[in-house]
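Residues per chain are reported as follows:
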Amino acid sequence: MYLTRKFHIEGTDQLERLSRSSADLWNQICKWYWRTVDRQNHWLSKTAMRRWHCKGHDVLPSQTAQEVAEQFYEAVSSWHDNDRRGNPPKRCDKEYNVLRWTYQGVTLRDDGVLRLSTKRGEDSILIDWPVDEEPRTVEIGKSSGGFVVRAQYDTEPVDRTTGDKIAGIDLGEKHLAAVFTGQDAFTINGGELRALRHYQNSLKAKLDAKIDRKERGSSRWTKLVQTKNKQLDHIDNKITDLLHKLSRKVVEMLLERRVSAIGIGDVRGIRDRIDYGSQMNQRLHQWAYGEFDRMVEYKAKLAGITVNRVDEAYTSQECPQCGHRKKPSGRDYTCSECGFHGHRDVVGAANIRRKYVGSEDRSRLPGVMASPSGVRFHPHLSCSSRSERKTNRQFA
Ligand SMILES: [Zn+2]
């Protein structure tokens, strides 16, 4: 099982140079590979390619150079696997190529800085690392306005659950997640995510208006576009960071409550319920909520919790006590048939849980459904220092 973490960093001359050199090497490998096929009808082996073109590379550290060949052969073999449909990796005019380090070239220092090995005599690449765990592979690629880092962790699910409870989780907008375990309920507040999203929207609108006033393609225009991408990326990073923290919180709370299995609504369900507004809203919503959903799932799985998808149909409309259906209005659900009263999102979670358990027992619902405990994200307590650190991350 893999876990990937992605974030943006600022570019440096060193990274520019290495990425260009990686592209040159890719182009060279590409050229020789196809030339040998055309002229000698021979498919050059990876070992031979590495020996001739990667070993002792004059700019790239040996291992990173070998990984360029690795990337090329991965691309070739996926083309073969696909019955040679589509385009083989034949374009030999790349300007930048991804840099990849495997575990041999990656060290997480005690001070939280990740060190990537470079050629002897050259400064190492240092990145202020957001988590306490050493990644297995790190890839750095050129992106708009900077570089993007993709770190991959090898993770095996560990059985940390000792519980036997089943919880239902309803993902939503006002409350990112509402959870019902059968005995108690809690919600994760989505206010901070909405605030970041609104900020990102207004920033984008503001910068787009500025860009529109410049002549397309002019140097001022280019500069503004770069600024815009950089600032939007910066907020993307903040949002990703927030989603990681909140999804981790959900899983921690599940473990504290001795939950061993969860039923979770299909994410398409929440998308339908959200008031999208503009196209931008929609894109962002889909991205952020899809990410949150995915994070909750894999973090739960890593903690040994069984995850099941549940059809969300009518889960927000049904009275969990008597089964009567009505469209709820406002944040609370009050049943006109039996008088049941509960928090709307928790009602959704309870119905998802019931669908997962498959039980028709609707009796004895606890009073906590009316006032679940809420987890609110406080940016000044836990996040600020971390996200500051993250956004200030640079190469030393
Ligand atoms: Zn009812």
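**As for the pairing of strand β11 (residues 259-265)**
- Counting buried positions along β11 yields five of seven residues, so the element is predominantly enclosed.
- By the bridge criterion, five bridges tie strand β8 (residues 165-171) to β11 in an arrangement that is parallel. When the bridges of β11 are listed, Lys 165 appears paired with Val 259.
- Looking at chain direction, β11 and strand β12 (residues 306-310) are connected through five bridges and run parallel. In the sheet register, Gly 263 faces β12, and the bridge partner there is Asn 308.

**Quick notes on the sheet that holds strand β9 (residues 175-180)**
- The six strands lie next to each other as β12-β11-β8-β9-β10-β15, forming an open sheet whose pairing is mixed. Of all the strands in the sheet, just β12 and β15 (373-375) have a single pairing partner and so form its edges. If you compare each strand with its neighbour and ignore which way they point, the axes differ by 25° on average.
- Sheet topology note: the β8/β9 ladder contains four bridges and is antiparallel. Considered in β9, the bridge of Gly 168 is made with Phe 180.

**Section: the confidence of the model for the protein chain**
- For the protein chain, per-residue confidence averages 83 on the pLDDT scale, and 86% of positions sit at 70 or higher.
- The secondary structure element of the protein chain with the lowest average pLDDT is helix α9 (residues 379-391), at 37, and the one with the highest is strand β2 (residues 99-101), at 95.
- Low pLDDT, under 50, characterises residues 379-396; the predicted model gives this stretch 26 contacts beyond four residues in sequence or across chains.

**Structural notes on helix α1 (residues 13-40)**
- Look at α1: 40 Å from first C-alpha to last across 28 residues, which is about the 40 Å you get at 1.5 Å a residue.
- Every buried residue belonging to α1 is among Leu 15, Leu 18, Ser 19, Ser 21, Ser 22, Leu 25, Trp 26, Ile 29, Cys 30 and Tyr 33, and all of these are buried.
- Looking at the packing, one finds that the buried side of α1 touches α2 (46-54), α3 (62-81), β2, β6 (137-143) and β7 (146-154).
- Where α1 terminates, the next one or two residues include Asn 41, which has phi positive at roughly 55°.

**Thoughts on α2**
- The set of residues buried in α2 consists of Met 49, His 53 and Cys 54. Taken end-on, α2 shows its buried residues confined to a sector of 75°, consistent with a single buried face. Exposed and facing more than 90 degrees away from the buried side of α2 are Thr 47 and Arg 51.
- Looking at the buried residues of α2, the elements they touch are α1 and α3.
- Once α2 ends, the next one or two residues include Gly 56, with phi positive near 65°.

**Quick word on the sheet that holds strand β3 (residues 106-108)**
- Read from one edge to the other, the open sheet built from three strands follows the order β3-β4-β5, with strand pairing classed as antiparallel. Since the sheet does not close on itself, it has two edges, and those belong to β3 and β5 (125-128), each with one partner. Between one strand axis and the next, the sheet turns through 20° on average, direction left out of account.
- One ladder, built from three bridges, connects β3 with strand β4 (residues 113-116); its direction is antiparallel. Residue pairing in the sheet places Val 106 in a bridge with Leu 116 of β4.

**As for the pairing of β5**
- Residues of β5 alternate between two faces, with Ile 125 and Ile 127 buried on one and Leu 126 and Asp 128 left unburied on the opposite face.
- Pairing geometry for β4 and β5, over four bridges, is antiparallel. Bridge assignment links Arg 115 to a residue of β5, and that residue is Leu 126.

**So, the environment of Gln 71**
- Tracing the sequence through the fold places Gln 71 in helix α3.
- What makes Gln 71 partly exposed here is the crowd of 19 C-beta atoms within 10 Å.
- Residues Gln 71 and Val 98, spaced 27 residues apart in sequence, show a C-alpha to C-alpha distance of 9.1 Å.
- Among all residues touching Gln 71, those that are not within four sequence positions of it are Val 98 and Arg 100.

**Describing unusual backbone geometry**
- Notably, Asn 41 is not glycine yet its phi reads approximately 55°, a positive angle.
- Checked against the element boundaries, Asn 41 lands in the loop between α1 and α2.
- With 7 C-beta atoms packed within 10 Å, Asn 41 lands in the exposed category.
- The residue Arg 258 is not glycine, and still its phi comes out positive at about 60°.
- With respect to the secondary-structure elements, Arg 258 resides in the loop between α5 (219-256) and β11.
- The class of Arg 258 is partly exposed, set by 13 C-beta atoms lying within 10 Å.

Reading the values: the criteria
- Residues numbered from 1 in each chain as written.
- Predicted model: local features only at pLDDT ≥ 70, side-chain atom pairs only at ≥ 80, totals over all residues.
- Buried ≥ 20, exposed ≤ 12 C-beta atoms within 10 Å, placed from the backbone.
- Helix = DSSP H or I, 4+ residues; strand = E, 2+ residues; numbered from the N terminus.
- Pairing = 2+ DSSP bridges.
- Axes fitted to C-alpha atoms, helices over the stretch in contact; angles between N-to-C directions.
- pLDDT = per-residue confidence, 0-100.
- Contact = placed C-beta atoms within 7 Å.
- Expected span 1.5 Å × (residues − 1).
- Arc of directions from axis to C-beta.

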